[in-house]
Amino acid sequence: MAEPSSSRRAGSAGTAAVVWPVAVTVGLLAGWELIVRALGVRPIILPAPSEIVRVMIARHEVLLDNLWPSLTLTVLGFLLSVVGGVAVALLITYSRIFRLGFYPIIVVSQVVPKVSIAPLFIVWFGTGLVSNLMLAFLVAFFPMTINAVMGFGSTDGDIQKMARAFMGSPAQIFWKIRLPNAMPHIFAGMKISITLAIIGVIVSEFVASQEGIGYLIKLSSGLLDTPLMMAAITVLSLAGLALYGLIALAERRAVYWQPPADVGAGGG
Amino acid sequence: MADAPADARPGPAGTPALAIRDVRKLYGDLEAIRSVSLDVADGEFVSLLGPSGCGKSTLLMIVAGLGRASGGTVAIHGEPVTGPRRDTGVVFQSPVLLPWRSVLDNVLLPIEFQGLSRQTYEPRARDLLRMARIDQFADALPHQLSGGMKQRAAICRALVHEPGLLLMDEPFSALDAITRDEMGVELLRLWQTFRKTVVFVTHSIREAAFLSDRVLVMGRRPATIVEEVAIDLPRPRQIAMTEDEAFNRHVRRLRRAIEANHG
C-alpha cells in the first residue's frame, strides 16, 4: 500500500498468464499437424498448419491485396461507430426527449440481426464500398452507444455532489468528470465494436464485392481451394487480433488510473 | 432552543459566520428537520452530534447549498445561502477523489472549477499537503493512498480556495478507530493554523467532545437541537486529554443528553 511508484506489472502470475496459453496453442497446432499427416487428410478437407503457412507465404500478394480494403473499411466503420456512438450517447445522456423517445428504440432494435440487413443495403447503396462501410458501421454502432451511455451515466452520486459543492459548471463537470469517468466503458465498447466491424465488413464482402478478404474466402470456397481459404481466415484473424491489441494498448494508456483487474496480486 | 446561544462570539461585522434560523425540512409527509436555529461565531468549531439518520447531515447539506430547506433561512456572513458558495468548503463522508487525477490535481479541483489561477494556488495546495503530511504523495493517484490519507487530501481540497467556513459531514466515520483519533488531532492542528469556522457532523460522542468548542446534540427525527454543551477544554488538545476526568465529564453529559432523547 501507499507506494506511489509501485509497478503494475505482475510478476510470476503474469508470466504464467502468457506461457500457458502459448504452450496450449502450440500443442494444439502440433496435434493438428500430426493428425493430418498421420491420417493423410487431403488439403481440400483440412490443410495442415504448415500447409496454411506455406500458402500464406507463397500467395502473400493476393492475401495482402485483399486484406487492405477489408482493413480500411473495418477501421473506417469502427471510427464512424465510435464518433456516432459517443454522439448519440451524449444526446441520450443530456436530452430527456432523446432518452425517453429514442433510447428504448435503440435498445429494442438490438434484437435485429444486423447482418441480415446487408442485402437491403445493396438495394439502397449498390454493391460498392458504401454498402460495406454502412454495414460495418451499423453492426459496430450499437454496442458502442450502449457502453458510452452507461459510461456517461455511471458518475456516482457522491462525485456529482462534490462537483456541485465546489461549484463546477455543467461543462466543467462534463470535461473534468463525466468524460474521464466514462472512458473505461467507452473502451469496453470499442473492443466489442472493432470485432463487430470486422464481421460487418466480411459479411458484406460475402454478399457483394469484388475485393477484400471476405471476397477471397468466398472465391476460394467456390474454387475448392481450402488452403487459400484457411490462409485468408488466418490473415483476417491476425489482423483482427492486431486491431484489438491496439485498442487494448490505447486503453492502458488512456485509463491509466485503473489497476488492471485481471492480474491478481499486482498493483497498489 | 434559543435563537442566539449566549456564548456565540460575534464576528467582525457583528454578524455570525453562520446563522441558521428556523430551518425545517420535509420529504413529502416525512418531517426530517423541525425548526433548527443556530449561530456559529467566526473561527468557532461546532459539532452537530446525533445518531445516524437524525437529519444532521441533511442540515449540513442545506448549509452547503446542496439541499433546499422547506422553510427558514441560512446565512453565511449575513448573506443568504441559495446554492453552493465560494466561501464554503465541504468534506464528505467518503473522500470522493477523482481516481484519474493526482492528489495535487484533486486538491486543485475547486480552483479550476471556480476559474481561479492554478499557478497562484498551487503553492498553497502544496503547503496544505505538507501540513496534512501527505506532500510526498502529491503526484500519486488516489488508489495508492490509504483511507486516512485520502481523507486528508479531501480536507486539503476543501481548504484550497480559502473558504471561511468548513463543513464536514462525518468525515472520519469510515476510518478505523486508531486512524480516526489521529485524524482528529491532525484536523485540530490544521484548524489551529487556519482558524476557519468549522461545522462538524458526527455520531461519535468522544469525537465531538474532543474536537469542538461547542457540541449541539440533535434529537431523533424530526431533528431539533435538544442540548448544547460548551467544551471548555484547553487547546491545543492532545489525545491524552481523553483520559482526563474533565473530558469524560463532557462525554457523560453528552451521552445523557442523547439517551434522554433516544432511550
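Sequence positions are assigned chain by chain, starting from 1 and proceeding in written order. Each chain is given a letter, starting from A, and each ligand a number, starting from 1, according to the order in which they appear as written. For a predicted model such as this one, the threshold for reporting local features is a pLDDT of at least 70, and the threshold for listing and counting side-chain atom pairs is 80 or more; totals across whole chains, interfaces and linings nevertheless cover every residue. As a rule here, side-chain values cover all heavy atoms of the structure and leave hydrogens and water aside.

(A) Representation of the domain arrangement of chain A. These domain boundaries are the output of an automatic or database domain assignment. The assigned domain composition of chain A is domain 1 (1-40) and domain 2 (58-265). Relative to domain 2 of chain A, the C-alpha centre of domain 1 of chain A lies at a distance of 28 Å.

(B) Expanded view of the sheet that holds strand β4 (residues 71-76) of chain B. Residues and elements named next belong to chain B. The criterion for strand pairing is that DSSP finds at least two bridges linking the strands in question. To qualify as a helix, a DSSP run of H or I must reach at least 4 residues; to qualify as a strand, a run of E must reach at least 2; elements of each kind are numbered from the N terminus. One open sheet accounts for four strands, arranged β2-β1-β4-β5; its pairing is antiparallel. Bordering the open sheet on either side are β2 (30-40) and β5 (79-80), each of which pairs with just one other strand. Bridge count between strand β1 (residues 18-27) and β2: seven bridges; the pairing is antiparallel. In the strand pairing of β2, Leu26 is matched with Glu31. Against the sheet, helix α1 (residues 56-63) contacts β1, β2 and β4, and its axis sits at roughly 120° relative to β1. By definition, residues are in contact when any of their heavy atoms lie within 4.5 Å. Every axis in this analysis is a line fitted to C-alpha atoms, fitted for helices over the stretch in contact. Angles between the N-to-C directions lie between 0 and 180 degrees.

(C) Geometry of the pairing of strand β10 (residues 225-230) of chain B. Inspection of the sheet shows strand β9 (residues 214-218) of chain B paired to β10(B) by five bridges, in the antiparallel sense. In the strand pairing of β10(B), B:Val217 is matched with B:Glu227.

(D) Broad picture of the interface of chain B and chain A. Between chain B and chain A, the contact holds 29 residues from the first and 25 residues from the second. As a working definition, buried area equals the accessible area (1.4 Å probe) given up by two parts on being put together, with both sides summed. Around 2,500 Å² of area is buried between chain B and chain A when both sides are counted, 69% of it from carbon and sulfur atoms. Salt-bridge detection follows one rule: a side-chain nitrogen of Lys or Arg within 4 Å of a carboxyl oxygen of Asp or Glu. There are one salt bridge connecting chain B and chain A. Here A:Lys176 and B:Glu112 are joined by a salt bridge, their closest N and O atoms 2.8 Å apart. Whenever two N or O atoms come within 3.5 Å, that pair is a polar contact, provided that in protein one can donate a hydrogen and the other can accept it, and provided that, for residues adjacent in sequence, both atoms are side-chain atoms. Summed over the shared surface of chain B and chain A, the result is seven residue pairs in polar contact (both at pLDDT 80 or more).

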